[in-house]
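Each chain, written out:
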Amino acid sequence: MIRIKLTTSLLSGVLIFAQSIAIAAEVNIYSARNEALIKPLLDRFTQQSGTQVNLVTGDADALLKRLEIEGDNSPADLLLTIDVARLQRAQESNLLQPVTSEILINVIPESYRDREGYWFGLSLRSRVIVYAKDRVNPEQLSSYEALAAPEWKGRICVRSSSHVYNQSLVASLIAHDGIEATEQWAKGLVGNFARTPQGGDRDQIKAVAVGQCDLALVNTYYLGGMLHSELDEEKQAADKVALFWPNQDDRGAHINISGAGITRSARNKTEAIKLLEFMTSDAAQVWYAEQNYEYPIRPGIAIGDTMKQWGEFVVDRLNLDQLGQYNAEAVRLMDRAGWK
Ligand code: FE
(Lines give C-alpha, C1' and ligand atoms only; values in the text may rest on other atoms or scores of the structure.)
Protein backbone atom coordinates (compact mmCIF):
# COMPACT_ATOMS: atom_id res chain seq x y z
CA MET A 1 0.00 0.00 0.00
CA ILE A 2 2.72 2.39 0.94
CA ARG A 3 4.57 1.65 -2.25
CA ILE A 4 1.49 2.41 -4.36
CA LYS A 5 0.88 5.68 -2.56
CA LEU A 6 4.45 6.73 -3.12
CA THR A 7 4.23 5.95 -6.82
CA THR A 8 1.03 7.93 -7.17
CA SER A 9 2.46 10.99 -5.51
CA LEU A 10 5.63 10.71 -7.55
CA LEU A 11 3.54 10.47 -10.69
CA SER A 12 1.45 13.52 -9.82
CA GLY A 13 4.67 15.37 -9.09
CA VAL A 14 5.90 14.54 -12.58
CA LEU A 15 2.57 15.66 -14.07
CA ILE A 16 2.72 19.01 -12.31
CA PHE A 17 6.26 19.45 -13.56
CA ALA A 18 5.22 18.61 -17.13
CA GLN A 19 2.36 21.08 -16.93
CA SER A 20 4.61 23.86 -15.75
CA ILE A 21 6.90 23.25 -18.72
CA ALA A 22 3.93 23.46 -21.07
CA ILE A 23 2.86 26.75 -19.53
CA ALA A 24 6.39 28.12 -19.61
CA ALA A 25 6.65 27.77 -23.40
CA GLU A 26 5.38 31.09 -24.65
CA VAL A 27 6.28 33.92 -26.94
CA ASN A 28 5.21 37.56 -26.69
CA ILE A 29 4.61 39.54 -29.87
CA TYR A 30 4.23 43.25 -30.50
CA SER A 31 2.47 43.35 -33.84
CA ALA A 32 1.65 46.20 -36.17
CA ARG A 33 -0.26 43.73 -38.31
CA ASN A 34 -3.92 43.64 -37.48
CA GLU A 35 -5.14 40.87 -35.25
CA ALA A 36 -7.71 39.45 -37.66
CA LEU A 37 -4.95 38.88 -40.21
CA ILE A 38 -2.33 37.35 -37.98
CA LYS A 39 -4.22 35.57 -35.19
CA PRO A 40 -5.34 32.45 -37.12
CA LEU A 41 -1.75 31.86 -38.18
CA LEU A 42 -0.50 32.21 -34.61
CA ASP A 43 -3.18 29.82 -33.38
CA ARG A 44 -1.96 27.25 -35.86
CA PHE A 45 1.58 27.69 -34.52
CA THR A 46 0.33 27.10 -30.96
CA GLN A 47 -1.48 23.92 -32.07
CA GLN A 48 1.65 22.58 -33.73
CA SER A 49 4.27 23.59 -31.16
CA GLY A 50 2.39 23.86 -27.88
CA THR A 51 3.91 27.32 -27.45
CA GLN A 52 1.43 29.90 -26.27
CA VAL A 53 1.46 33.17 -28.21
CA ASN A 54 0.59 36.43 -26.48
CA LEU A 55 -0.26 39.14 -28.95
CA VAL A 56 -0.25 42.91 -28.48
CA THR A 57 -1.35 44.76 -31.61
CA GLY A 58 -1.02 48.46 -32.23
CA ASP A 59 0.13 51.24 -34.48
CA ALA A 60 3.65 50.50 -35.80
CA ASP A 61 5.28 53.72 -34.64
CA ALA A 62 3.56 53.52 -31.24
CA LEU A 63 4.88 49.98 -30.74
CA LEU A 64 8.44 51.11 -31.53
CA LYS A 65 8.04 53.92 -28.98
CA ARG A 66 6.73 51.45 -26.42
CA LEU A 67 9.70 49.12 -26.94
CA GLU A 68 12.01 52.09 -26.47
CA ILE A 69 10.37 53.16 -23.21
CA GLU A 70 10.21 49.63 -21.79
CA GLY A 71 13.85 48.93 -22.65
CA ASP A 72 15.24 45.76 -21.08
CA ASN A 73 12.02 45.32 -19.10
CA SER A 74 9.90 44.89 -22.21
CA PRO A 75 7.93 41.64 -22.23
CA ALA A 76 8.12 41.54 -26.04
CA ASP A 77 10.16 38.81 -27.74
CA LEU A 78 9.24 39.55 -31.33
CA LEU A 79 8.38 42.71 -33.25
CA LEU A 80 6.16 42.10 -36.25
CA THR A 81 5.79 45.09 -38.53
CA ILE A 82 5.47 46.46 -42.03
CA ASP A 83 8.03 48.17 -44.22
CA VAL A 84 11.76 47.66 -44.14
CA ALA A 85 12.34 51.30 -43.13
CA ARG A 86 10.54 50.62 -39.84
CA LEU A 87 12.51 47.42 -39.20
CA GLN A 88 15.71 49.37 -39.77
CA ARG A 89 14.52 52.16 -37.50
CA ALA A 90 13.98 49.52 -34.78
CA GLN A 91 17.45 48.12 -35.42
CA GLU A 92 19.10 51.57 -35.31
CA SER A 93 17.25 52.39 -32.09
CA ASN A 94 18.85 49.28 -30.55
CA LEU A 95 15.48 47.53 -30.08
CA LEU A 96 16.41 44.32 -31.89
CA GLN A 97 19.09 41.66 -31.56
CA PRO A 98 20.75 39.59 -34.28
CA VAL A 99 19.87 35.90 -34.43
CA THR A 100 21.02 32.99 -36.56
CA SER A 101 18.74 30.36 -38.02
CA GLU A 102 19.70 27.95 -40.77
CA ILE A 103 16.08 27.72 -41.83
CA LEU A 104 15.57 31.47 -42.15
CA ILE A 105 18.84 31.94 -44.00
CA ASN A 106 18.01 29.12 -46.40
CA VAL A 107 14.43 30.08 -47.24
CA ILE A 108 14.45 33.90 -47.24
CA PRO A 109 16.32 35.40 -50.20
CA GLU A 110 19.29 37.48 -49.10
CA SER A 111 17.88 40.81 -50.29
CA TYR A 112 14.80 40.38 -48.08
CA ARG A 113 16.58 39.94 -44.75
CA ASP A 114 19.23 41.74 -42.76
CA ARG A 115 22.72 40.32 -43.33
CA GLU A 116 23.43 40.20 -39.61
CA GLY A 117 20.06 38.69 -38.69
CA TYR A 118 18.41 41.71 -37.04
CA TRP A 119 15.26 41.37 -39.16
CA PHE A 120 13.67 39.00 -41.67
CA GLY A 121 11.13 39.61 -44.43
CA LEU A 122 7.99 37.44 -44.24
CA SER A 123 5.92 38.68 -47.18
CA LEU A 124 6.27 40.99 -50.18
CA ARG A 125 4.17 43.81 -51.55
CA SER A 126 4.67 46.20 -54.43
CA ARG A 127 3.62 49.85 -54.70
CA VAL A 128 1.96 50.15 -58.07
CA ILE A 129 -0.10 52.46 -60.25
CA VAL A 130 -3.85 51.85 -60.41
CA TYR A 131 -5.80 53.59 -63.17
CA ALA A 132 -9.40 54.25 -64.11
CA LYS A 133 -10.25 51.60 -66.71
CA ASP A 134 -12.65 53.90 -68.57
CA ARG A 135 -10.44 56.98 -68.73
CA VAL A 136 -6.85 55.79 -68.99
CA ASN A 137 -5.25 53.69 -71.68
CA PRO A 138 -2.47 51.67 -70.03
CA GLU A 139 -0.30 52.43 -73.07
CA GLN A 140 -0.03 55.95 -71.67
CA LEU A 141 1.69 54.54 -68.58
CA SER A 142 5.30 53.50 -68.14
CA SER A 143 7.21 54.39 -64.97
CA TYR A 144 7.00 56.13 -61.59
CA GLU A 145 9.20 58.82 -63.14
CA ALA A 146 6.69 59.45 -65.95
CA LEU A 147 3.96 60.38 -63.45
CA ALA A 148 5.57 63.84 -63.22
CA ALA A 149 4.76 64.57 -66.89
CA PRO A 150 2.35 67.46 -67.59
CA GLU A 151 -0.27 65.16 -69.19
CA TRP A 152 -1.23 63.99 -65.68
CA LYS A 153 -1.94 67.46 -64.31
CA GLY A 154 -4.75 67.32 -61.75
CA ARG A 155 -5.23 63.57 -62.28
CA ILE A 156 -3.20 61.80 -59.56
CA CYS A 157 -4.22 60.76 -56.03
CA VAL A 158 -1.82 59.55 -53.35
CA ARG A 159 -1.76 59.44 -49.57
CA SER A 160 0.32 61.74 -47.38
CA SER A 161 4.13 61.91 -47.38
CA SER A 162 4.08 61.15 -43.66
CA HIS A 163 3.34 57.52 -44.46
CA VAL A 164 6.28 55.15 -44.66
CA TYR A 165 5.03 53.52 -47.91
CA ASN A 166 5.57 56.78 -49.80
CA GLN A 167 8.82 57.46 -47.97
CA SER A 168 10.18 54.08 -49.06
CA LEU A 169 9.06 54.59 -52.67
CA VAL A 170 10.80 57.99 -52.76
CA ALA A 171 13.87 56.48 -51.07
CA SER A 172 14.04 53.94 -53.93
CA LEU A 173 13.88 56.76 -56.48
CA ILE A 174 16.70 58.57 -54.66
CA ALA A 175 18.78 55.39 -54.74
CA HIS A 176 18.22 55.00 -58.49
CA ASP A 177 17.97 58.55 -59.84
CA GLY A 178 19.79 60.67 -57.24
CA ILE A 179 18.49 63.43 -54.97
CA GLU A 180 18.30 66.24 -57.51
CA ALA A 181 16.37 64.32 -60.15
CA THR A 182 14.04 62.85 -57.51
CA GLU A 183 13.30 66.30 -56.11
CA GLN A 184 12.42 67.56 -59.59
CA TRP A 185 10.23 64.49 -60.03
CA ALA A 186 8.48 65.00 -56.67
CA LYS A 187 7.73 68.64 -57.55
CA GLY A 188 6.23 67.51 -60.85
CA LEU A 189 4.20 64.80 -59.14
CA VAL A 190 2.85 67.19 -56.50
CA GLY A 191 1.92 69.57 -59.34
CA ASN A 192 -0.18 66.74 -60.80
CA PHE A 193 -2.11 65.96 -57.61
CA ALA A 194 -5.88 66.06 -58.01
CA ARG A 195 -6.29 66.95 -54.32
CA THR A 196 -4.34 67.44 -51.10
CA PRO A 197 -3.15 64.00 -49.94
CA GLN A 198 -5.65 62.42 -47.57
CA GLY A 199 -6.80 58.98 -46.41
CA GLY A 200 -5.16 55.60 -46.88
CA ASP A 201 -4.47 53.55 -49.99
CA ARG A 202 -8.05 52.23 -50.15
CA ASP A 203 -9.29 55.83 -50.23
CA GLN A 204 -7.13 56.55 -53.26
CA ILE A 205 -8.72 53.61 -55.12
CA LYS A 206 -12.18 54.90 -54.18
CA ALA A 207 -11.24 58.40 -55.39
CA VAL A 208 -10.20 56.99 -58.78
CA ALA A 209 -13.45 55.01 -58.94
CA VAL A 210 -15.62 58.11 -58.41
CA GLY A 211 -13.59 60.19 -60.87
CA GLN A 212 -11.77 62.50 -58.45
CA CYS A 213 -8.56 61.37 -60.08
CA ASP A 214 -7.50 59.01 -62.88
CA LEU A 215 -4.42 57.41 -61.30
CA ALA A 216 -3.27 56.49 -57.82
CA LEU A 217 -0.23 54.94 -56.17
CA VAL A 218 -1.20 52.05 -53.88
CA ASN A 219 0.12 48.80 -52.44
CA THR A 220 -1.01 45.70 -54.31
CA TYR A 221 -2.79 43.94 -51.43
CA TYR A 222 -5.25 46.82 -50.91
CA LEU A 223 -6.58 46.26 -54.40
CA GLY A 224 -6.83 42.50 -53.72
CA GLY A 225 -8.61 43.12 -50.44
CA MET A 226 -11.12 45.49 -52.03
CA LEU A 227 -11.85 43.19 -54.97
CA HIS A 228 -12.90 40.54 -52.42
CA SER A 229 -14.38 42.91 -49.86
CA GLU A 230 -17.66 42.19 -48.10
CA LEU A 231 -18.50 45.87 -48.60
CA ASP A 232 -20.20 46.46 -51.96
CA GLU A 233 -18.84 49.98 -52.08
CA GLU A 234 -15.24 48.69 -51.94
CA LYS A 235 -15.83 45.89 -54.43
CA GLN A 236 -17.48 48.20 -56.94
CA ALA A 237 -14.70 50.76 -56.60
CA ALA A 238 -12.00 48.14 -57.11
CA ASP A 239 -13.77 46.80 -60.21
CA LYS A 240 -13.43 50.22 -61.87
CA VAL A 241 -9.64 50.28 -61.66
CA ALA A 242 -6.82 48.17 -63.04
CA LEU A 243 -3.27 47.56 -61.90
CA PHE A 244 -0.23 48.73 -63.82
CA TRP A 245 3.28 47.47 -63.02
CA PRO A 246 5.65 50.43 -63.34
CA ASN A 247 9.20 50.38 -64.73
CA GLN A 248 8.88 46.99 -66.41
CA ASP A 249 11.22 48.07 -69.20
CA ASP A 250 13.97 49.03 -66.82
CA ARG A 251 14.62 48.33 -63.13
CA GLY A 252 11.22 46.90 -62.13
CA ALA A 253 8.43 47.79 -59.70
CA HIS A 254 9.24 49.04 -56.20
CA ILE A 255 8.92 46.30 -53.63
CA ASN A 256 8.80 46.21 -49.85
CA ILE A 257 8.34 43.64 -47.11
CA SER A 258 6.42 42.90 -44.00
CA GLY A 259 8.80 41.34 -41.54
CA ALA A 260 9.93 40.74 -38.01
CA GLY A 261 12.89 40.88 -35.66
CA ILE A 262 13.70 39.42 -32.25
CA THR A 263 13.70 42.17 -29.61
CA ARG A 264 16.80 43.01 -27.62
CA SER A 265 14.91 42.20 -24.42
CA ALA A 266 13.61 38.80 -25.62
CA ARG A 267 13.38 36.19 -22.88
CA ASN A 268 11.83 33.54 -25.13
CA LYS A 269 14.32 33.77 -27.94
CA THR A 270 14.21 30.10 -28.96
CA GLU A 271 10.41 30.12 -29.22
CA ALA A 272 10.47 33.43 -31.09
CA ILE A 273 12.90 32.03 -33.68
CA LYS A 274 10.69 28.91 -34.01
CA LEU A 275 7.72 31.17 -34.68
CA LEU A 276 9.63 33.10 -37.34
CA GLU A 277 10.59 29.82 -38.98
CA PHE A 278 6.95 28.74 -38.90
CA MET A 279 5.96 32.01 -40.63
CA THR A 280 8.15 31.04 -43.58
CA SER A 281 6.70 27.53 -43.84
CA ASP A 282 4.62 26.56 -46.89
CA ALA A 283 1.33 26.69 -45.00
CA ALA A 284 1.98 30.15 -43.55
CA GLN A 285 3.24 31.57 -46.83
CA VAL A 286 0.20 30.32 -48.75
CA TRP A 287 -1.94 31.88 -46.06
CA TYR A 288 -0.36 35.34 -46.53
CA ALA A 289 -1.22 35.20 -50.22
CA GLU A 290 -4.73 33.81 -49.74
CA GLN A 291 -5.82 36.01 -46.86
CA ASN A 292 -4.06 39.28 -47.58
CA TYR A 293 -2.99 39.17 -51.25
CA GLU A 294 0.64 39.56 -50.28
CA TYR A 295 3.37 37.85 -52.29
CA PRO A 296 5.17 34.99 -50.56
CA ILE A 297 8.72 35.79 -49.48
CA ARG A 298 9.83 32.46 -50.95
CA PRO A 299 9.71 31.49 -54.59
CA GLY A 300 7.53 28.55 -55.63
CA ILE A 301 4.57 29.14 -53.30
CA ALA A 302 1.10 28.97 -54.86
CA ILE A 303 -0.86 32.22 -55.19
CA GLY A 304 -4.58 32.69 -55.80
CA ASP A 305 -6.42 33.68 -59.00
CA THR A 306 -6.57 37.42 -58.30
CA MET A 307 -2.81 37.67 -57.97
CA LYS A 308 -2.31 35.33 -60.92
CA GLN A 309 -4.40 37.69 -63.04
CA TRP A 310 -2.10 40.57 -62.12
CA GLY A 311 0.59 38.58 -63.88
CA GLU A 312 4.29 38.18 -63.38
CA PHE A 313 6.32 41.32 -63.02
CA VAL A 314 9.87 42.59 -62.94
CA VAL A 315 10.92 43.39 -59.37
CA ASP A 316 13.27 46.22 -58.47
CA ARG A 317 16.38 44.42 -57.17
CA LEU A 318 17.59 47.36 -55.11
CA ASN A 319 18.82 46.08 -51.77
CA LEU A 320 16.06 46.87 -49.31
CA ASP A 321 18.40 48.30 -46.68
CA GLN A 322 18.79 51.30 -49.00
CA LEU A 323 15.18 52.23 -48.29
CA GLY A 324 15.99 52.73 -44.64
CA GLN A 325 19.25 54.50 -45.41
CA TYR A 326 17.51 57.11 -47.58
CA ASN A 327 14.41 57.44 -45.40
CA ALA A 328 15.33 60.74 -43.71
CA GLU A 329 16.48 62.21 -47.04
CA ALA A 330 13.19 61.13 -48.63
CA VAL A 331 11.16 62.82 -45.88
CA ARG A 332 13.07 66.10 -46.28
CA LEU A 333 12.80 65.93 -50.06
CA MET A 334 9.02 65.41 -50.06
CA ASP A 335 8.70 68.32 -47.66
CA ARG A 336 10.70 70.60 -49.99
CA ALA A 337 8.55 69.45 -52.91
CA GLY A 338 5.36 70.45 -51.04
CA TRP A 339 4.04 66.87 -50.72
CA LYS A 340 1.70 67.25 -47.75
FE1 FE B 1 -0.74 48.51 -45.50
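Description of the structure in this document. (Residues numbered from 1 in each chain as written. Predicted model: local features only at pLDDT ≥ 70, side-chain atom pairs only at ≥ 80, totals over all residues. Heavy atoms only, no water.)

Observations regarding the overall build of the chain
Each helix and strand counted, the chain has 15 helices and 9 strands in total. Dimensions of the chain, computed from the C-alpha atoms along their principal axes, are close to 95 × 40 × 30 Å. Within the chain, the fraction of its 340 residues that count as buried is 54%. Accessible area of the chain: about 15,600 Å², with a carbon and sulfur share of 51%. In the chain, 35 side chains carry a positive charge and 43 a negative one; their mean positions are 4 Å apart. (Helix = DSSP H or I, 4+ residues; strand = E, 2+ residues; numbered from the N terminus. Buried < 20%, exposed > 50% of the residue type's maximum accessible area, 1.4 Å probe, protein only. Areas by Shrake-Rupley, 256 points an atom, 1.4 Å probe, with all protein chains shown as cover. Lys, Arg positive; Asp, Glu negative; His and termini not counted. Charge placed at Lys NZ, Arg CZ, Asp CG, Glu CD.)

A few points about the coordination of the iron ion
Looking at the iron ion, the protein donor atoms are Tyr-165 (OH), Tyr-221 (OH) and Tyr-222 (OH), and they sit 2.0 Å from it. Written as a sequence motif, the donor residues of the iron ion are Y-x55-Y-Y. Here Tyr-221 lies in helix H9 (residues 220–227) and Tyr-165 lies in helix H6 (residues 164–177), a separation of 56 residues in the sequence. By relative accessible area, Tyr-221 is classed as buried at 6%. (Donors = N, O, S within 2.8 Å, 3.2 Å for Na, K, Ca; no water.)

Side note on the pattern of salt bridges
Using the criterion set out here, one finds 23 salt bridges in the structure. Lys-39 is the partner of Asp-43 in a salt bridge, and the nearest nitrogen-oxygen pair spans 3.0 Å. Remark: Lys-39 and Asp-43 occur in helix H2 (residues 35–49); sequence separation between them is 4 residues, near one turn of the helix. Overall, Asp-43 belongs to the partly exposed group, its relative accessible area being 33%. Looking at Lys-39, the relative accessible area reads 31%, which means it is partly exposed. Measuring nitrogen to oxygen at the nearest pair gives 2.5 Å for the salt bridge that ties Asp-214 to Arg-135. Taken together, the residues span a long stretch of sequence, with Asp-214 in the loop between helix H8 (201–209) and strand S6 (215–219) and Arg-135 in the loop between strand S4 (120–132) and strand S5 (156–157) at a distance of 79 residues. Overlapping salt bridges bring together Asp-134, Arg-135, Arg-155 and Asp-214 as one network. (Salt bridge = Lys/Arg side-chain N within 4 Å of Asp/Glu carboxyl O.)

Considering H8
Three or more residues of H8 are buried, namely Asp-201, Gln-204, Ile-205, Ala-207, Val-208 and Ala-209. Trailing H8 by a residue or two, Gly-211 shows a phi angle of about 90°, which is positive.

A word on the environment of Leu-318
On the secondary structure map, Leu-318 appears in the loop between helix H13 (305–310) and helix H14 (321–325). As a C-alpha pair, Leu-318 and Ile-255 span 63 residues in sequence and 8.9 Å in three-dimensional space. Here Leu-318 is in contact with Ser-172, Ala-175, His-176 and Leu-323, once residues within four sequence places are set aside. (Contact = heavy atoms within 4.5 Å.)

Looking at the environment of Asp-282
Position of Asp-282 relative to the elements: it lies in helix H12 (residues 282–292). Relative accessible area serves as the criterion here: at 47%, Asp-282 is assigned to the partly exposed category. In this structure, the C-alpha to C-alpha distance between Asp-282 and Arg-298, residues 16 residues apart in sequence, is 8.9 Å. Setting aside its immediate chain neighbours within four residues, Asp-282 contacts Arg-298 and Ile-301.

Thoughts on the pairing of strand S7 (residues 241–244)
Taking every second residue as pointing to the same face, both faces of S7 are buried, with Val-241 and Leu-243 on one and Ala-242 and Phe-244 on the other. One ladder, built from 4 bridges, connects S4 with S7; its direction is antiparallel. Pairing of Val-130 across the sheet is with Leu-243, part of S7. (Pairing = 2+ DSSP bridges.)

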